[in-house]
Structure formats: C-alpha cells, structure tokens
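A closer look at the structure
If you want the building blocks of each chain, they are given just below.
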Amino acid sequence: QVQLVESGGGLVQAGGSLRLSCAASGRTFSSYVVGWFRQAPGKEREFVAAISASGGYTAYRDSVKGRFTISRDNAKNTVYLQMNSLKPEDTAVYYCAGYTQTGHHVRVAGTAYDYWGQGTQVTVSS
C-alpha cells in the first residue's frame, strides 16, 4: 500500500514556474511508476507526465513537452514535476498517481494507476 501526498501548487502568472512534489509512504516506492494527471473544471482528467520506477524513462503529453520536467528521488520517496513557462490553460487540479511497474515503459491511462493523491490546485493567471 502506498499513500501519495501532493504539494507545491499555487497561483502564478503566465510565464512563471512552479514545482510540484509527490511524497510517498511505503518501502516499495522505488518499484512504482509515478504519473501526474490534471483535471480542469468541466473537463476530463488528462495525463501530464510519468516516470519509470528507476527514473530512466519518462513520458509527457505533447502540450507540456519542453516546459515540464518530471523527476524522482527514490531515497526521499518523492517525485517532482517542474513546470516552467506556465500558461492559463495549465490551470487545473494536479494529481500524482502510482502503480507497480511490470514492463519497460510507462502507462498513460489513468485506469492503470492504483494509488492516487488528493490533488493540489495550480492556477495560472493571464
């Protein structure tokens, strides 16, 4: 069982930066793929980024490539999402989620993830 807690959200102007953190409990964190998802009001949840258990493989949705960077520190049981050049359309509640890695790649479908955090609000003003 893994518990995930997000932090680092807030209000930022367009063009600004935020770094989200996802802190996990449990001794098996280093065997989990961790992903970031977001959901804006009135919209469906969407995949943002994911990182493999070792940190050697990452995946991003097209609209954040070159602006967002996902990373992890397994010694600290934490995954980060560095968000630069933020846009108003990035405004959403951001969730981290995890599942035990079973293959070489990471999954982008939310249904593949077993554990979810409570979310952190990111608001980007224009």
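Every value quoted in this text rests on a predicted model; they were computed, and no experiment measured them.

So, how was this worked out
Residues numbered from 1 in each chain as written. Predicted model: local features only at pLDDT ≥ 70, side-chain atom pairs only at ≥ 80, totals over all residues. Heavy atoms only, no water. Salt bridge = Lys/Arg side-chain N within 4 Å of Asp/Glu carboxyl O. Helix = DSSP H or I, 4+ residues; strand = E, 2+ residues; numbered from the N terminus. Buried < 20%, exposed > 50% of the residue type's maximum accessible area, 1.4 Å probe, protein only. Disulfide = S-S within 2.5 Å. Phe/Tyr/Trp six-rings, centres within 6.5 Å; stacked < 30°, edge-to-face > 60°. Lys NZ or Arg CZ within 6 Å of the ring centre and 35° of its normal. Pairing = 2+ DSSP bridges. Axes fitted to C-alpha atoms, helices over the stretch in contact; angles between N-to-C directions. Polar contact = N/O pair within 3.5 Å; in protein donor to acceptor, adjacent residues only side chain to side chain. Contact = heavy atoms within 4.5 Å.

Details of the pattern of salt bridges
- One pass over the structure, following the stated rule, counts five salt bridges.
- For Arg38, the salt bridge is made with Asp90, and the minimal N-O distance between the two is 3.0 Å. Within this pair, whereas Arg38 is found in strand S4 (residues 32-39), its partner Asp90 is found in the loop between strand S8 (78-83) and strand S9 (92-100), the two being separated by 52 residues in sequence.
- On the basis of relative accessibility, which here comes to 0%, the residue Asp90 falls in the buried class.
- Residue Asp62 pairs with Lys65 through a salt bridge whose shortest N-O separation is 3.1 Å.
- Members of the salt-bridge network, linked through shared partners, are Arg38, Glu46, Arg61, Arg67 and Asp90.

What to know about the state of the cysteines
- According to the stated counting rule, one finds one disulfide in the structure shown.
- Between Cys22 and Cys96 runs a disulfide, and the two sulfur atoms are separated by 2.1 Å. In this structure the cystine formed by Cys22 and Cys96 twists about its S-S bond by roughly 65 degrees; its chirality is therefore right-handed. Residue Cys22 is located in strand S3 (residues 18-24), and its partner Cys96 is located in strand S9; the two are separated by 74 residues in the primary sequence. Of the two residues, Cys22 and Cys96, neither departs from the other in class, the shared state being buried.

Quick look at the packing of aromatic side chains
- In the structure shown here, the tally under the stated rule is six aromatic pairs.
- Residues Phe37 and Phe47 carry aromatic rings whose centres are separated by 5.7 Å and whose planes lie at 75 degrees to one another, so their mutual orientation is edge-to-face. Here the residue Phe37 occupies a position in strand S4, and Phe47 occupies one in strand S5 (residues 46-51), the gap between them amounting to ten residues. Note on accessibility: Phe37 and Phe47 belong to one class, buried.
- In this structure, Arg45 packs its charged tip against the face of Phe37, placed 5.8 Å from the ring centre.
- It is Arg72 that lies over the ring of Phe29; its NZ or CZ is 4.6 Å from the centre.

Notes on the sheet that holds strand S1 (residues 4-7)
- In space, the four strands of this open sheet follow the order S1-S3-S8-S7, with antiparallel pairing throughout. Of all strands in the sheet, those with a lone pairing partner are S1 and strand S7 (68-73), marking the two edges. Between one strand and the next, the sheet's axes are offset by a mean angle of 15 degrees, whatever the strand orientation.
- Summarising the sheet, S3 and S8 pair through six bridges and their orientation is antiparallel. Paired with Cys22 across the strands is Val79, a residue of S8.

Here's the deal with the environment of Tyr60
- By the secondary structure assignment, Tyr60 is in strand S6 (residues 58-60).
- Put simply, Tyr60 and Asn74 are 14 residues apart on the chain and 20 Å apart in space, counted from C-alpha to C-alpha.
- Among the polar contacts made by the side chain of Tyr60, one reaches the main-chain amide nitrogen of Ile70 at a distance of 2.9 Å.

Some thoughts on the side chain of Thr78
- Residue placement: Thr78 occurs in strand S8.
- Note on Thr78: relative accessible area 8%, which makes it buried.
- Residue contacts for Thr78: discarding those within four places in its chain leaves Ser21, Cys22, Ala23, Phe29, Ser71, Arg72 and Asp73.

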